[in-house]
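# Summary of the model geometry
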Amino acid sequence: MNFIENFRRDWLSNIRGDVLAGIVVAMALIPEAIGFSLIAGVDPKVGLYASVLIAMIISVAGGRPAMISAATAATAVLMGSLVRDHGLQYLLAATVLAGAIQILAGYARVGTIMRFVSRSVLTGFVNALAILIFMAQLPELVGMGWETYAMVAAGLAIIYLFPRLTRVIPSPLVCIIVLSIVSVVLHVDVRAVGDLGELPSTLPSFLLPNVPFTLETLWIILPYSVGVAAVGLLESLLTASIVDQMTDTKSDKNRESVGQGIANFITGFFGGMAGCAMIGQSVINVKSGGRGRLSTFTAGAFLLFLLLVLGDIVGLIPMPALVAIMIMVSIGTFSWGSLNDLRKHPRRSSVVMLATVVTVVGTHNLALGVGVGVLLSGIFFAWKVAQFFLVTSVLTENGRERDYVVEGQLFFASAEDFLNAMDFKEKLERVRIDVSKAHIWDLTGVNAVDTAVLKFRREGVEVELVGMNDASTTIMDDLAMHNEPDAMAKVLGH
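Below is a summary of the structure that appears in this document.

### Describing the sheet that holds strand β3 (residues 390–395)
Sheet architecture is open: 4 strands sit in the order β3-β4-β5-β6, paired in mixed fashion. The open sheet has two free edges, formed respectively by β3 and β6 (462–466), since each of these has just one partner strand. Neighbour to neighbour, the strand axes of the sheet diverge by 15° on average, direction disregarded. Note that strand β4 (residues 401–410) and strand β5 (residues 430–440) share 9 bridges and pair parallel. By the bridge assignment, Glu401 is partnered in β5 with Arg430. Against the sheet, helix α19 (residues 443–458) touches β4, β5 and β6, its axis set at about 150° to β6.

Here's what the structure looks like:
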């Protein structure tokens, strides 16, 4: 019964909206796929076949309905040097291997890593992508004639004003139809989709990558496959989180990881390059009314229909129409409220967001930008937790014993404060270290306790540790060395 309910929800609950949104996305995918093929240094049909197959497969196997996956710049950039050095067949083999890695990662529940991506990193990722999407349109704008600017302006006017008349038909689709008719009837001198490259006119066929099945081949493609798998999963999981927020629904990110792997694995056997989720096209899909898996499937199926049946007509679509749509996506993707939040949010959060944006835009590397953001988030969090750490002490009336009371989290960021709070030269007979209000988290914390105990013992002071909770006791039993025979030499170095 659950299968039937899920099928109706994902495939039949929004048929008109999903189909129309998928048609819009299919048209927007063509120039993107051609452009990404050129980035990777391969024939346009490699990116187009990939977009068809990945979209159709992920619509069934993925964990985020309404999200669009296809050939992307993030994966194409990584494949460029492989194609230059070894050729297309190695790219196809690397795509298959990348898919296998993603499937394993999905079953290893890699989707849970999203909990470590803070809101600031996600906002920076979104803003950076919005900027990159806009920058990607500049080659179609800079140095062009006035006709191009006029048609882009007209396209934006249609996109934003047509919904005031009716929302039955997505305004981006109306933009494409109207500007295409105007361009053909009036013979407007602007670039068209057909100018980007030859569109394929046959179905993709099954083939095994023509590479030697040797360890040498594996070592050649493995670094590329690992990079593509990691970047593809990262971008897909982040895009899934964005679509979750836009639609106020949840996704299964581990299933999405497996689905991305299945899509890439199969695509490699049909002459397609690796891909992943596309935030721009996903935003187009959602804003055009797409909500279910049918919208993603329609995008892939209609793209195939366009290539095989309407290829000559598709080639007439003016690029300014697609540029206008992508500018709309850029404007809609950017979190404009985050600019105002810079004044209201904590400074550390703003630094994380800006660092993510600057890194992504500066390097065009989404994984690097998110990595920088996550790293900064971790550093700032550790620093903040370390501020809530306190060591107090009380000397007994006879002056021979001192009780140290430790409060807070003892780990790498607070270990130095822990040791600095203790006077190892004080003339005492006994020291009691009370950690009942503390928690020992890592090897650095354990080493700090070892160091304190051994320094007191070196001065002839008896040391007692009291109040450890169960978790702290476990890590101390496993890693602590202060009770070993040669502990002084191992820990203190003498």
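### Some remarks on the pattern of salt bridges
If you walk through the whole model with that rule in mind, you get 12 salt bridges. The salt bridge partner of Arg430 is Glu462, with a shortest N-O separation of 2.8 Å. Taken together, the positions of Arg430 in strand β5 and Glu462 in strand β6 put the pair 32 residues apart, joining distant regions of the chain. Residue class for Glu462 comes out partly exposed when judged on its relative accessible area of 47%. One network of salt bridges, with partners in common, ties together Asp403, Arg430, Arg432, Glu462 and Glu464.

### Comments concerning the side chain of His482
Relative to the helices and strands, His482 is located in the loop between α20 (470–479) and α21 (487–492). Residue classification places His482 among the buried positions, given a relative accessible area of 10%. At 2.6 Å, the side chain of His482 and the side chain of Asp450 are in polar contact. With near-sequence residues (within four places) excluded, His482 lies in contact with Asp450, Val453, Leu454, Arg457, Leu465, Met476 and Ala487.

### A word on the environment of Val83
Checked against the element boundaries, Val83 lands in helix α4 (residues 73–86). Measuring from C-alpha to C-alpha, the distance between Val83 and Gly41 comes to 6.6 Å, with 42 residues separating the pair along the chain. Once residues lying within four places of it in the same chain are set aside, the contact partners of Val83 are Ala40, Gly41, Val42 and Leu91.

### Some points on the nonpolar core
Side chains that are nonpolar tend, in soluble globular proteins, to be buried together. In terms of nonpolar packing, the biggest core is built from 96 residues, with Met27, Ile30, Phe125, Leu238, Met273 and Ile284 touching the most fellow members. A total of 13 residues in this core trace back to one element, the largest contributor, which is helix α2 (residues 15–40). Not counting the four nearest positions on each side in its chain, Met27 is found in contact with Leu173, Ile176, Phe302, Leu306, Ile317 and Leu322.

### Concerning the packing of aromatic side chains
Going through the model one piece at a time under the given rule, you end up with 10 aromatic pairs. Residues Phe334 and Trp336 carry aromatic rings whose centres are separated by 4.6 Å and whose planes lie at 50° to one another, so their mutual orientation is tilted. According to the relative accessible area criterion, Phe334 is buried, its value standing at 16%. Using a relative accessible area of 51% as the deciding quantity, one classes Trp336 as exposed.

### Let's talk about the packing of helix α6 (residues 119–137) against helix α17 (residues 366–387)
One way to put it is that α6 packs onto α17 with a least axis distance of 10 Å and a crossing angle of 155°. Considering the angle they form, α6 stands roughly antiparallel to α17. For α6 against α17, the interelement crossing comes out right-handed. The segment α6 lies against α17, with Val121, Phe125, Leu129 and Leu132 engaging Leu366, Val370, Gly373, Val374 and Ser377. Here the residues of the contact of α6 with α17 sort into 7 nonpolar, 2 polar and no charged.

### Considering the packing of helix α9 (residues 215–247) against α17
For the pair α9 and α17, the least separation of the axes is 9 Å and the interaxial angle reads 65°. In this view, α9 runs roughly perpendicular relative to α17, as classed from their interaxial angle. Crossing of α9 against α17: the hand is left-handed. Note on element contacts: α17 touches α9 through Leu366, Ala367 and Val370, opposite Val231, Leu234, Glu235 and Leu238. Along the lines of polarity and charge, the residues of the contact of α9 with α17 split into 6 nonpolar, no polar and 1 charged.

### Some details on helix α14 (residues 319–333)
Across its 15 residues, α14 extends 21 Å between first and last C-alpha, which sits within 8% of the 21 Å expected from 1.5 Å per residue. The buried fraction of α14 is high, at 13 of 15 residues.

### Let's talk about unusual backbone geometry
The backbone phi angle of Ala66 is positive, close to 75°, even though this residue is not glycine. For Arg109, which is not glycine, the phi torsion reads 65° and is therefore positive. Note on placement: Arg109 falls in the loop between α5 (88–107) and α6.

### Focus on the pairing of β4
For a regular strand, side chains alternate in direction, first toward one face of the sheet and then toward the other. Here β3 runs beside β4; their pairing, made up of 6 bridges, is antiparallel. By the bridge assignment, Ser393 is partnered in β4 with Tyr404. Counted along the chain from β3 to the antiparallel partner β4, the turn is 5 residues long, and its residue Gly399 has a positive phi close to 75°. Following the chain from β4 across helix α18 (residues 415–420) to the adjacent parallel β5, one finds a crossover that is right-handed.

### With respect to a nonpolar patch on the surface
Together, Ile177, Val178, Ile181, Val182, Val184, Val185, Leu186 and Leu316 give the surface a local cluster of nonpolar side chains, amounting to about 670 Å² of exposed area. With respect to the element layout, Ile177 can be found in helix α8 (residues 171–186).

### Topic: the side chain of Ser180
Structurally, Ser180 is set in helix α8. A distance of 2.6 Å separates a polar atom in the side chain of Ser180 from the backbone oxygen of Ile176. With near-sequence residues (within four places) excluded, Ser180 lies in contact with Ile317 and Pro318.

Each value, and the rule that gives it
- Residues numbered from 1 in each chain as written.
- Predicted model: local features only at pLDDT ≥ 70, side-chain atom pairs only at ≥ 80, totals over all residues.
- Heavy atoms only, no water.
- Pairing = 2+ DSSP bridges.
- Helix = DSSP H or I, 4+ residues; strand = E, 2+ residues; numbered from the N terminus.
- Axes fitted to C-alpha atoms, helices over the stretch in contact; angles between N-to-C directions.
- Contact = heavy atoms within 4.5 Å.
- Salt bridge = Lys/Arg side-chain N within 4 Å of Asp/Glu carboxyl O.
- Buried < 20%, exposed > 50% of the residue type's maximum accessible area, 1.4 Å probe, protein only.
- Polar contact = N/O pair within 3.5 Å; in protein donor to acceptor, adjacent residues only side chain to side chain.
- Core = buried A, V, L, I, M, F, W, Y, C linked by side-chain atoms within 4.5 Å.
- Phe/Tyr/Trp six-rings, centres within 6.5 Å; stacked < 30°, edge-to-face > 60°.
- Parallel < 35°, antiparallel > 145°, perpendicular 65-115°, else oblique.
- Left-handed = near helix turned anticlockwise from the far one by under 90°.
- Nonpolar A, V, L, I, M, F, W, Y, C, P; charged D, E, K, R; others polar.
- Expected span 1.5 Å × (residues − 1).
- Right-handed = clockwise from strand over helix to strand, strands pointing away.
- Patch = residues over 30% accessible without salt bridge, like charges linked within 9 Å, V, L, I, M, F, W, Y side chains within 5 Å.
- Areas by Shrake-Rupley, 256 points an atom, 1.4 Å probe, with all protein chains shown as cover.

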